[in-house]
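Listed below, chain by chain, are the residues.
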Amino acid sequence: MIAMPRTKIAGIGMYVPQNVVTNNDLLKYMDTSDEWIQERTGIKERRYADRLGETTTTMGVKAAEIAIKNAGITKDDVDFIIFATLSPDYYFPGCGVLVQRAMKMKEIGALDIRNQCSGFVYALSVGDQFIKTGMYKNILVVASEKHSFGLDFSTHGRNVSVIFGDAAAAVVLQPAEKEGQ
C-alpha cells in the first residue's frame, strides 16, 4: 500500500476592515440593545468593509498575501486557488480568478465554492484531497465575506444582521514532509 502524503497548513493570513461597528452603534438603526445581542450571540462588535473601496476579493487578497508570506513562499509558487464565499463581487468571474488577477499570479486553476459558514471547511477538504493525490504542492485557500452591504438593518432584520460582519482568512496548504508536521 502506497502512503499518501499528509496535508499541512504552511501559512495563515487574515484581514478585517478598519470600520468597527459596536452593538450600541446598531441602536441607530433597529430596536435592540447591547445586552440583547450579547445574550443571544456573545458578539460585542463586528467589522464592516468600506462600502465602495473594499470588496470580497480585495479583503481576500490581503489575507492571501499574509498567508503566502507566512508560508515562506511567493505568489509564483501557488499552483491552485480555492475561494469560498457566498458574497462574491460578481456572479461570474469568481473571486478566485479575481484574486489571481489582482495578485498578478501566473495562470493557474481557481475554484470557487459558494458556501458561507461551512465554505472554508469544504475548501480545506478539497485542497486536502489535491495535496494527498500529489496534484498540487501549494494551494491557496481563501474565505472572504462582505455581508454588510446586504443586511437588513431594520428591527425586522435584527436577528440576522447583528451576527454578520466582513472579513477574510487564507491558508496555504502543502504536503507535510514528515509525520507530525
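Use the structure listed above.
Within each chain, residues carry numbers counting from 1 in the order of the written sequence. Local features in this predicted model are restricted to residues whose pLDDT is 70 or higher, and side-chain atom pairs enter the listing and the counts only when it is 80 or higher, whereas totals over whole chains, interfaces and linings include all residues. Side-chain calculation: all heavy atoms of the structure are included, whereas hydrogens and water are not.

**Observations regarding the pattern of salt bridges**
To keep it simple, the criterion reads: By convention in these notes, a salt bridge is any Lys or Arg side-chain nitrogen within 4 Å of a carboxyl oxygen on Asp or Glu. Exposure classes here rest on a 1.4 Å probe applied to the protein chains alone. A residue is buried below 20% of its type maximum, exposed above 50%, and partly exposed in between.
A complete count under the given rule lists four salt bridges for this structure. Across the pair Lys75 and Asp76 runs a salt bridge, and its minimum N-O distance is 3.5 Å. In this structure Lys75 comes out as partly exposed when scored by relative accessible area, which is 29%. Asp76 sits in the partly exposed class, given a relative accessible area of 42%. Between Arg114 and Asp112 there is a salt bridge, and its shortest N-O distance comes to 3.6 Å.

**Some remarks on the sheet that holds strand S1 (residues 7-15)**
Selection criterion: Strand pairing requires that DSSP identify at least two bridges connecting the strands. The helix count covers DSSP runs of H or I at least four residues long, the strand count covers runs of E at least two residues long, and both are numbered beginning at the N terminus. Geometry is summarised by axes, namely lines fitted to C-alpha atoms with helices restricted to the contacting stretch, and by angles between N-to-C directions that run from 0 to 180 degrees.
Reading across the sheet, the five strands line up as S1-S7-S6-S4-S5 and stay open at both edges, with mixed pairing between neighbours. Since the sheet does not close on itself, it has two edges, and those belong to S1 and strand S5 (109-113), each with one partner. Pairwise comparison of adjacent strand axes, ignoring direction, gives a mean angle of 20° for this sheet. Strand direction decides the pairing type here: strand S4 (residues 80-84) and S5, joined by five bridges, are parallel.

**Some details on the nonpolar core**
The cut-off we apply is this: For the purposes of this section, nonpolar cores are sets of buried Ala, Val, Leu, Ile, Met, Phe, Trp, Tyr and Cys residues that join through side-chain atoms within 4.5 Å. In this analysis, two residues are considered to be in contact whenever any of their non-hydrogen atoms come within 4.5 Å of each other.
Judged by nonpolar contacts, the single largest core of 23 residues is most densely connected at Ile68, Val78, Met103, Met105, Leu140, Ala170 and Val172. At the level of elements, helix H2 (56-71), S4, helix H3 (95-102), strand S6 (139-146) and strand S7 (166-175) are the ones that each hand at least two residues to this core. The element that contributes the greatest number of residues to this core is H2, accounting for seven residues. With residues near it in sequence (within four places) discarded, Leu140 still touches Ala64, Ile68, Val78, Phe80, Ile81, Ile82, Val99, Met105, Ala170, Val171 and Val172.

**Digging into the packing of H2 against H3**
Rules: Working definition: roughly parallel below 35 degrees, roughly antiparallel above 145 degrees, roughly perpendicular at 65 to 115 degrees, and oblique for all remaining angles. Each crossing gets its handedness from the near helix: less than a right angle anticlockwise from the far helix is left-handed, clockwise is right-handed. In this classification, the charged set is Asp, Glu, Lys and Arg, the nonpolar set is Ala, Val, Leu, Ile, Met, Phe, Trp, Tyr, Cys and Pro, and all remaining amino acids, among them Gly, are polar.
Closest axis-to-axis distance for the H2/H3 pair is 9 Å, and the angle between their directions is 60°. Classed by the angle they form, the pair H2 and H3 counts as oblique. Viewed along their axes, H2 and H3 form a crossing whose handedness is right-handed. Contacts between H2 and H3 involve Thr56, Thr57 and Val61 from the first element and Cys95, Leu98, Val99 and Ala102 from the second. Its residues assigned to classes, the contact of H2 with H3 shows five nonpolar, two polar and no charged.

**Topic: the pairing of S4**
Short version of the rule: By definition, the crossover connecting two strands over a helix is right-handed if that path, from the first strand to the second, turns clockwise as seen with the strands pointing away from the viewer.
Of all five residues that make up S4, five are buried, and the element is covered over most of its length. At this point the chain moves from S4, through H3, to the parallel S5, and the crossover so formed is right-handed. Strand direction decides the pairing type here: S4 and S6, joined by five bridges, are parallel. Opposite Phe80, over in S6, you have Ile139 as the bridge partner.

**Digging into the pairing of strand S3 (residues 45-48)**
The two faces of S3 differ: Arg46 and Tyr48 on one face are buried, but Glu45 and Arg47 on the other face are not. By the bridge criterion, four bridges tie strand S2 (residues 19-22) to S3 in an arrangement that is antiparallel. Residue Val20 lies in a different strand from S3, and its bridge partner there is Arg47.

**Here we look at the environment of Arg158**
By the element assignment, Arg158 lies in helix H5 (residues 158-161). Along the sequence, Arg158 and Tyr29 sit 129 residues apart, while their C-alpha atoms lie 9.3 Å from each other. When sequence neighbours within four positions are dropped, the list of residues in contact with Arg158 reads Met30, Asp31, Thr32, Trp36 and Asp152.

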